[in-house]
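Summary of structural features
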Amino acid sequence: MVCNGIKRAPSKATVHSLALYCLLIKKDQGDRRLMRSVHPRQGCSKRGLAWAILFVVVGVTSLYLWSLELERGGKAAARETDFRTCRCKAFISVDIKKSRIPGAGKGAFAKENISAGTLLWDIKCDAILAEDDWEPCWMIPYDDITRKLLYSLALPASKTPVSDFLVLLLLWSTLEGCDLVNDSCRDTKKKQCFLISFGPLNYINHGKEDANVACPSDAMRFQHHVSAAALVAIKNITAGDEILQNYQDYHETDPFLNSIKRKLGFEFEANLNDDLNPKLDL
Ligand SMILES: C[S@@+](CC[C@H](N)C(=O)[O-])C[C@H]1O[C@@H](n2cnc3c(N)ncnc32)[C@H](O)[C@@H]1O
């Protein structure tokens, strides 16, 4: 595309900008020629009007191009780690009742004996999805957009029913590696996603020495063909035992997330990592 000596490869945005630029220059030159033949006062008001129109056209077009740019950027960011609807399944049934841990709320209790190595829960996000009896669950990238959203939620001024709902989601989510095939549960250097599911195993509370379930070891994953986020029994569990997992197995050691949790009042989970992370001010 050539306009008054400007030559460019015609990308979509460039074509728009150049077409507008050509239009403006030609209009401006035309206007000036026109002005010479009219009365100065009349020319002045016409020129004012022309400039006003130009101003509006340039403004609107810039806004349009900017929004295109934002959309393109957003799509590129989303492509980096996608929001995914997956399928999750619990392979055991549990009773949900008051936890034996003081102040921990409700907990999940085994309904039957479970032997060490048994698969309790798994998630699949690949193309060939699990059977129909697997429940939908979601992976949300823990990226800049999510961080900004969390940051805005943590500000009291922006507290709304929607933010309350999101806070609830945060309580019911765990931070995992996004790659459920190649990551391991403890690999904090990889990209991270919130895993959101609403199954009964979400009632599993935190325990350290008394933890009886965990993410699978590499050997177990190979044996069971399960995801990095799956849950397996690491001890024999007797019917009636409370099921406990060491929350520090997960990625919830991120300083920013901990500072957000503290702000939102999730003292327990934020304090889990006190020894690992300094207290941050937002
Ligand atoms: C995924 S939920 C587990 C279910 C939860 N107990 C309930 O009643 O909804 C995680 C929350 O449970 C509580 N929790 C889990 N383990 C705990 C523990 N060992 N001591 C105190 N609170 C605990 C914390 O409030 C934590 O944020």
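Before reading further, recall that the structure is shown in the block above.
What comes next concerns the included structure.

About the cut-offs
- Residues numbered from 1 in each chain as written.
- Predicted model: local features only at pLDDT ≥ 70, side-chain atom pairs only at ≥ 80, totals over all residues.
- Heavy atoms only, no water.
- Core = buried A, V, L, I, M, F, W, Y, C linked by side-chain atoms within 4.5 Å.
- Buried < 20%, exposed > 50% of the residue type's maximum accessible area, 1.4 Å probe, protein only.
- Helix = DSSP H or I, 4+ residues; strand = E, 2+ residues; numbered from the N terminus.
- Disulfide = S-S within 2.5 Å.
- Arc of directions from axis to C-beta.
- Phe/Tyr/Trp six-rings, centres within 6.5 Å; stacked < 30°, edge-to-face > 60°.
- 1 Å grid on protein atoms, 1.4 Å probe; cavity = no way out; pocket = protein on both sides within 12 Å on 5 of 7 lines; lining within 4 Å.
- Points joined across faces, edges and corners; volume = space filled by probe spheres on them.
- Nonpolar A, V, L, I, M, F, W, Y, C, P; charged D, E, K, R; others polar.

**Focus: the nonpolar core**
Residues Leu120, Trp121, Ile123, Met139, Leu201 and Leu231 are the most contacted members of the largest nonpolar core, which totals 28 residues. Tallying contributions element by element places strand β6 (residues 119-124) first for this core, with 3 residues. Core analysis: the next-biggest nonpolar cluster, separate from the first, contains 11 residues, Leu170, Phe194, Ile260 and Phe266 among them.

**A few points about the state of the cysteines**
Following the criterion strictly, the structure yields 3 disulfides and no others. There is a disulfide in this structure between cysteine 86 and cysteine 125, and the S-S distance comes to 2.1 Å. Looking down the S-S bond of the cysteine 86 and cysteine 125 bridge, the torsion is 100 degrees, so its handedness is right-handed. Here the residue cysteine 86 occupies a position in strand β3 (residues 84-90), and cysteine 125 occupies one in the loop between β6 and β7 (135-141), the gap between them amounting to 39 residues. Taking the relative accessible area as the measure of exposure, cysteine 86 reaches 1% and is therefore buried.

**Re helix α4 (residues 161-171)**
Every buried residue of α4 is accounted for by Ser163, Val167, Leu169 and Leu170. One face of α4 carries all of its buried residues, which in axial projection span an arc of 155 degrees. Exposed residues on α4 whose side chains face more than 90 degrees from its buried face are Pro161 and Phe165.

**Quick word on the packing of aromatic side chains**
The tally for this structure, following the rule as stated, stands at 6 aromatic pairs. Ring centres of tryptophan 138 and phenylalanine 198 lie 6.2 Å apart, and the angle between their planes is 65 degrees; this geometry places the pair in the edge-to-face category. Of this pair, tryptophan 138 sits in strand β7 while phenylalanine 198 sits in the loop between β9 (192-196) and β10 (205-206), and the two are 60 residues apart along the sequence. Owing to a relative accessible area of 26%, tryptophan 138 belongs among the partly exposed residues under this scheme.

**Quick word on the layout of surface pockets**
There is about 810 Å³ of room inside the largest pocket. In this structure, the largest pocket is lined by 32 residues; those nearest its centre are Leu171, Asn202, Ile204, Asn205 and Tyr247. Contributing elements (two or more residues each) for the lining of the largest pocket: β8 (173-177), β9, β10 and α7 (267-272). There is about 200 Å³ of room inside the second largest pocket. Among the elements that make up the lining of the second largest pocket, the one with the highest residue count is β6 (3 residues). Along the lines of polarity and charge, the residues of the lining of the second largest pocket split into 7 nonpolar, 2 polar and 6 charged.

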